Amino acid sequence: MTLTKMIAIGLLVAGALGLAYGGFSYTRETHEAELGPLSVSVEENDYVNVPVWASLGALLVGAALLLRGKT
């Protein structure tokens, strides 16, 4: 499998997941404090929206790469 085909498949998968889920969430640690033996940390959940145009673009570019590789 060539590098072009692997990139194309990756773009197709990423585009399909972007359309299916519409985004992803992640947890980040924002504050941490240590007061003697006591340790406190605060974690925030953030959500990132993936635009529909970006997902469709990834699908189109992935399909174009796959079709270009066959000719």
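The structure displayed is predicted, hence computed values, not measured ones.

So, on to the pairing of strand β2 (residues 38–49). Bridging between strand β1 (residues 23–35) and β2 involves 12 bridges; their strand directions are antiparallel. Paired with His-31 across the strands is Val-42, a residue of β2. Taken together, β1 and the strand that follows it, β2, pair antiparallel across an intervening segment of 2 residues, in which Gly-36 is found at a positive phi of about 65 degrees.

What follows concerns the pattern of salt bridges. Going through the model one piece at a time under the given rule, you end up with 2 salt bridges. Arg-28 is the salt-bridge partner of Glu-44, the closest N and O atoms lying 3.5 Å from each other. Of this pair, Glu-44 sits in strand β2 while Arg-28 sits in strand β1, placing them 16 residues apart in sequence. Overall, Arg-28 belongs to the partly exposed group, its relative accessible area being 39%. For Arg-28, the salt bridge identified is with Asp-46, shortest N-O distance 2.6 Å. A residue pair is termed long-range when its members are at least 10 positions apart, and Arg-28 in strand β1 and Asp-46 in strand β2 qualify at 18 residues. Here the salt bridges do not stand alone but share partners, grouping Arg-28, Glu-44 and Asp-46 into one network.

Before going further, it helps to spend a moment on the side chain of Asp-46. What makes Asp-46 buried here is its relative accessible area of 19%. A polar atom in the side chain of Asp-46 sits 2.6 Å from the side chain of Arg-28. Not counting the four nearest positions on each side in its chain, Asp-46 is found in contact with Phe-24, Ser-25, Tyr-26 and Arg-28.

Let us now look at the confidence of the model for the protein. On average, the protein scores 89 in pLDDT, and the residues at 70 or more come to 96%. Confidence, read as mean pLDDT per element, is least for β1 in the protein (86) and greatest for helix α1 (residues 3–21) (93).

Glancing now at α1. An ideal rise of 1.5 Å per residue puts 27 Å on 19 residues; α1 measures up with 27 Å between its terminal C-alpha atoms. At the exit of α1 stands Gly-22, carrying a positive phi of roughly 75 degrees.

Side chains of Glu-29, Glu-32, Glu-34 and Glu-43 sit close together on the surface and give a patch of like negative charge. Per-element tally for the negative patch: the top contributor is β1, with 3 residues. Mapped onto the fold, Glu-34 is located in strand β1. Its relative accessible area of 58% is what places Glu-34 among the exposed residues.

About the thresholds
Residues numbered from 1 in each chain as written. Predicted model: local features only at pLDDT ≥ 70, side-chain atom pairs only at ≥ 80, totals over all residues. Heavy atoms only, no water. Pairing = 2+ DSSP bridges. Helix = DSSP H or I, 4+ residues; strand = E, 2+ residues; numbered from the N terminus. Salt bridge = Lys/Arg side-chain N within 4 Å of Asp/Glu carboxyl O. Buried < 20%, exposed > 50% of the residue type's maximum accessible area, 1.4 Å probe, protein only. Polar contact = N/O pair within 3.5 Å; in protein donor to acceptor, adjacent residues only side chain to side chain. Contact = heavy atoms within 4.5 Å. pLDDT = per-residue confidence, 0-100. Expected span 1.5 Å × (residues − 1). Patch = residues over 30% accessible without salt bridge, like charges linked within 9 Å, V, L, I, M, F, W, Y side chains within 5 Å. Areas by Shrake-Rupley, 256 points an atom, 1.4 Å probe, with all protein chains shown as cover. Lys, Arg positive; Asp, Glu negative; His and termini not counted. Charge placed at Lys NZ, Arg CZ, Asp CG, Glu CD.

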